[in-house]
Amino acid sequence: MEQEVIQPEMSYAFDGEPLLQPFIDEETVVIEAQGNDYYLDRQSGFESSARSYPRRLPIAIRRAEGVFVDDMDGRRYIDCLAGAGALALGHHHPVVVEAIRRTLADGVPFQTLDLTTPVKDRFVEALFSSLPKAFADQARIQFCGPSGADAIEAAVKLVKTATGRRSILAFHGAYHGMTHGALGLTGEIGPKLHVSGLMPDVHFLPFPYLYRCPFSLGGEVGWRSSLAYIERLLDDSNSGITPPAAMILEAVQGEGGVIPAPDEWLREIRRMTRKRGIPLIIDEVQTGIGRTGRMYAFEHSGIQPDVLVLSKAIGGGLPLSAVVYHKELDRWQPGAHAGTFRGNQLAMAAGTATLQYVKEHRLDLHAHEMGERLMAILRNIQKDKPQIGDVRGRGLMIGIEIVNPVDPPDALGVYPPNRKLACRIQTECLKRGLIVELGGRQGSVVRVLPPLIVTTDEIDQIGTIFAEAVRVSIVT
Ligand code: PMP
């Protein structure tokens with residue numbers, strides 16, 4: 001295979017100044033001199049047909065820094081996928097890199113199962129001090145291994161063991177992962193279609209999706225109907241649902257289409273679950289660590305969960321997950337949730353650095369400000385574009401729902417989802433140096449999930465590229 005030394009060379013995503021200084025040690029980086037197509041061809045030859053992101057984002061990544069990613073053709077992108085939200089501080093943030101370097105230099109093992117180390121101890125300290133004090137004071141932590149889905153599995157086993165019950169209440173539009181249990185709790189039907197034997201005893205409830213109200217009512221009357229439905233069901237001796245071991249939800253649904261639950265809805269859910277002794281599991285795998293404008297998304301409403309599921313950003317971009325829960329639930333046996341990779345020391349060091357940086361630099365507030373700025377830009381773009389049905393989000397978790405204004409609207413005047421146009425917009429964004437993701441019903445929601453360190457200039461660039469991508473996508 002031909003190899004060559006790549007000389008430093010700046011790439012420009014936009015006219016004018018280079019966006020980044022050359023990467024460190026660039027002169028000495030030896031890489032295979034092939035473009036995107038070469039790697040994509042090989043990938044499609046080797047990898048499973050279950051691969052997902054490369055189908056809509058056909059690039060091979062060479063390097064990344066901050067909010068930027070460079071591909072093998074020398075093109076630069078603003079990365080609004082950010083490892084599906086795992087990279088709170090973007091790529092190669094100096095404090096994260098330094099934490100990893102220091103840990104390696106100290107001779108700490110790569111992984112320690114669930115044996116303790118000073119690195120782990122510091123991580124737990126940092127994580128607990130990022131939580132509301134009243135919750136942290138009563139909390140226990142179980143490290144999991146190390147995906148979000150595995151932490152969901154642990155949370156479910158925890159509440160089943162503690163309550164002796166078996167039913168779980170989940171929500172339409174929920175996403176909790178791809179293992180048999182977590183997928184059983186997930187709303188999206190596609191990945192479930194061909195898989196038998198998913199976790200049984202899961203019952204789905206209506207989430208307050210204001211734009212496509214499950215009750216065709218919309219607004220406050222719509223989300224209050226969801227509450228009335230749920231409360232009645234909980235007390236209905238003929239609901240078909242045995243007393244639940246837990247209710248699980250995302251305070252802002254992510255993969256389901258960036259759907260924030262109203263704060264008052266969440267407070268009511270907390271009231272009704274507490275009153276009936278139903279543990280409330282909040283899945284903050286995607287929303288945790290500043291993403292929604294607060295350290296944790298449940299904090300907007302002032303409630304506290306019984307069980308909190310964490311992954312993605314808590315490892316500073318490296319694999320790590322955990323369940324943090326009220327000590328009263330701590331009734332499972334030694335080894336009840338084991339797993340080899342529960343002790344990733346580099347991830348814990350990277351996670352501690354990330355937690356501290358987010359806290360010290362108030363990146364939660366920054367995420368709120370940047371999110372508001374971007375949503376204002378997007379709503380402006382929406383004004384004369386009936387194809388943009390809804391712009392919504394919280395902090396830097398933003399969704400743009402793309403609709404088809406040619407087909408008949410529903411009872412609330414909302415047009416059907418338009419996956420085809422959403423895909424086109426995503427492709428046009430990519431061509432112009434912006435990586436965005438699709439989610440939501442039929443993949444019709446363009447998702448913008450930049451690192452929390454994104455600047456106002458970058459937010460404006462995201463808006464400019466998105467506007468242009470929408471313009472050409474609608475014309476073509
Ligand atoms: N819960 C939520 C809310 C998520 O967004 C995800 C991943 N997108 C998961 C769970 C599953 O995490 P993982 O992909 O690490 O298994």
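For the structure itself, look to the data block above.
Residues numbered from 1 in each chain as written. Predicted model: local features only at pLDDT ≥ 70, side-chain atom pairs only at ≥ 80, totals over all residues. Heavy atoms only, no water.

With that out of the way, let us pick up the overall build of the protein. In terms of helices and strands, the protein carries 14 helices and 19 strands. Expected size for 476 residues packed as a compact globule is a radius of gyration near 23 Å; at 22 Å, the protein falls within 12% of this value. In the protein, which comprises 476 residues, the proportion classed as buried is 55%. Residue pairs in contact within the protein that sit at least 24 positions apart in sequence constitute 71% of those at least 6 positions apart. Carbon and sulfur atoms form 52% of the exposed surface of the protein, whose accessible area is close to 20,700 Å². Taking the average place of the 50 positive charges on the side chains of the protein and the average place of its 57 negative ones, the gap between the two points comes to 7 Å. (Helix = DSSP H or I, 4+ residues; strand = E, 2+ residues; numbered from the N terminus. Rg over C-alpha atoms; globule rule 2.2 N^0.38 Å. Buried < 20%, exposed > 50% of the residue type's maximum accessible area, 1.4 Å probe, protein only. Contact = heavy atoms within 4.5 Å. Areas by Shrake-Rupley, 256 points an atom, 1.4 Å probe, with all protein chains shown as cover. Lys, Arg positive; Asp, Glu negative; His and termini not counted. Charge placed at Lys NZ, Arg CZ, Asp CG, Glu CD.)

Moving on, we come to the pairing of strand S5 (residues 76–79). What you see with S5 is no split at all: Arg76 and Ile78 on one side and Tyr77 and Asp79 on the other are buried throughout. In this structure, strand S4 (residues 68–71) lies alongside S5, joined through 3 bridges in antiparallel fashion. Considered in S5, the bridge of aspartate 70 is made with arginine 76. Linking two consecutive strands that pair antiparallel, namely S4 and S5, is a turn of 4 residues; a positive phi of about 80° is found at glycine 74 within it. Pairing analysis gives 2 bridges linking S5 to strand S17 (residues 434–435), with the strands arranged parallel. Note on S17: the bridge partner recorded for aspartate 79 is isoleucine 435. (Pairing = 2+ DSSP bridges.)

Next up on the list: the sheet that holds S17. Reading across the sheet, the 4 strands line up as S3-S4-S5-S17 and stay open at both edges, with mixed pairing between neighbours. Of all the strands in the sheet, just strand S3 (61–65) and S17 have a single pairing partner and so form its edges.

In this section: the site of the ligand. In the vicinity of the ligand, the residues found are Ser147, Gly148, Ala149, Tyr175, His176, Gly177, Glu250, Glu255, Asp283, Val285, Gln286 and Lys312. Within the contact set of the ligand, a nitrogen atom lies 3.2 Å away from a side-chain nitrogen or oxygen of glutamate 255. Between the ligand and the protein, one listed contact pairs a nitrogen atom with a side-chain N or O atom of aspartate 283 at 2.6 Å. When the ligand sits alone it has 390 Å² of accessible area, and the protein chains cover 83% of it. The residue makeup of the shell around the ligand, split by class, is 3 nonpolar, 5 polar and 4 charged. (Near = heavy atom within 4 Å. Polar contact = N/O pair within 3.5 Å; in protein donor to acceptor, adjacent residues only side chain to side chain. Nonpolar A, V, L, I, M, F, W, Y, C, P; charged D, E, K, R; others polar.)

Moving on: the packing of aromatic side chains. With the rule as written, the count across this model stands at 9 aromatic pairs. Seen from their ring centres, phenylalanine 171 and phenylalanine 207 are 5.7 Å apart, and the 75° between their planes marks the pair as edge-to-face. Of this pair, phenylalanine 171 sits in strand S7 (residues 167–171) while phenylalanine 207 sits in the loop between strand S8 (202–205) and helix H9 (219–234), and the two are 36 residues apart along the sequence. Under the relative-accessibility criterion, phenylalanine 171 is labelled buried at 1%. Take phenylalanine 207: its relative accessible area is 3%, and that puts it in the buried class. (Phe/Tyr/Trp six-rings, centres within 6.5 Å; stacked < 30°, edge-to-face > 60°.)

Here we come to the pairing of strand S16 (residues 397–402). Within a regular strand, the side chains alternate between the two sheet faces. Burial runs high along S16: 6 of the 6 residues are buried. Neither face of S16 is exposed, since Met397, Gly399 and Glu401 on one face and Ile398, Ile400 and Ile402 on the opposite face are all buried. With 6 bridges joining them, strand S15 (residues 388–394) and S16 adopt antiparallel strand pairing. Considered in S16, the bridge of arginine 394 is made with methionine 397. The loop that links S15 with its antiparallel partner S16 comprises 2 residues; one of these, glycine 395, has a positive phi angle of about 60°. The pairing of S16 with strand S19 (residues 445–448) spans 4 bridges and is classified as antiparallel. Among the inter-strand pairings, glycine 399 is bridged to a residue of S19, identified as arginine 447.

Right, let's get into the sheet that holds S7. Ordered by their spatial adjacency, 7 strands build an open sheet running S6-S14-S13-S12-S9-S7-S8, and the pairing between neighbours is mixed. One side of each edge strand has no neighbouring strand; the edge strands of this open sheet are strand S6 (139–144) and S8. Ignoring which end each strand starts from, the neighbouring axes of this sheet average 20° apart. Against the sheet, helix H5 (residues 118–130) contacts S6, strand S13 (307–310) and strand S14 (321–326), and its axis sits at roughly 125° relative to S6. (Axes fitted to C-alpha atoms, helices over the stretch in contact; angles between N-to-C directions.)

Counting residues in hydrophobic clusters, the biggest one holds 103 residues, and the most contacted among them are Met247, Trp265 and Phe466. In terms of residue count, helix H11 (residues 345–360) provides more of this core than any other element does, 9 residues in total. Each of domain 2 (108–360) and domain 3 (363–475) accounts for three or more of the residues forming this core. In contact with tryptophan 265, not counting residues within four places along its chain, are Phe171, Pro206, Phe207, Pro208, Trp223, Ser226, Leu227, Ile230 and Leu249. Listed in part, the 27 residues of the second largest apolar core include Cys144, Ala170, Ile281 and Val309. (Core = buried A, V, L, I, M, F, W, Y, C linked by side-chain atoms within 4.5 Å. Domains from an automatic or database assignment.)

Turning to the packing of helix H4 (residues 94–105) against H11, a few remarks are in order. Between H4 and H11, whose axes approach to 8 Å, the crossing angle comes to 145°. Relative to H11, the crossing made by H4 is right-handed. On H11, the residues touching Val95, Val96, Ala99, Ile100, Thr103 and Leu104 of H4 are Gln345, Leu346, Ala349, Ala350, Ala353, Thr354 and Tyr357. When the residues that make up the contact of H4 with H11 are grouped by side-chain class, the tally is 10 nonpolar, 3 polar and no charged. (Left-handed = near helix turned anticlockwise from the far one by under 90°.)

What follows concerns unusual backbone geometry. Even without being a glycine, leucine 113 presents a positive backbone phi close to 50°. The backbone of serine 216 sits at a positive phi, close to 55°, despite the residue not being glycine. Mapped onto the elements, serine 216 comes out in the loop between S8 and H9. Of the residues examined, serine 216 reaches a relative accessible area of 41% and is grouped as partly exposed.

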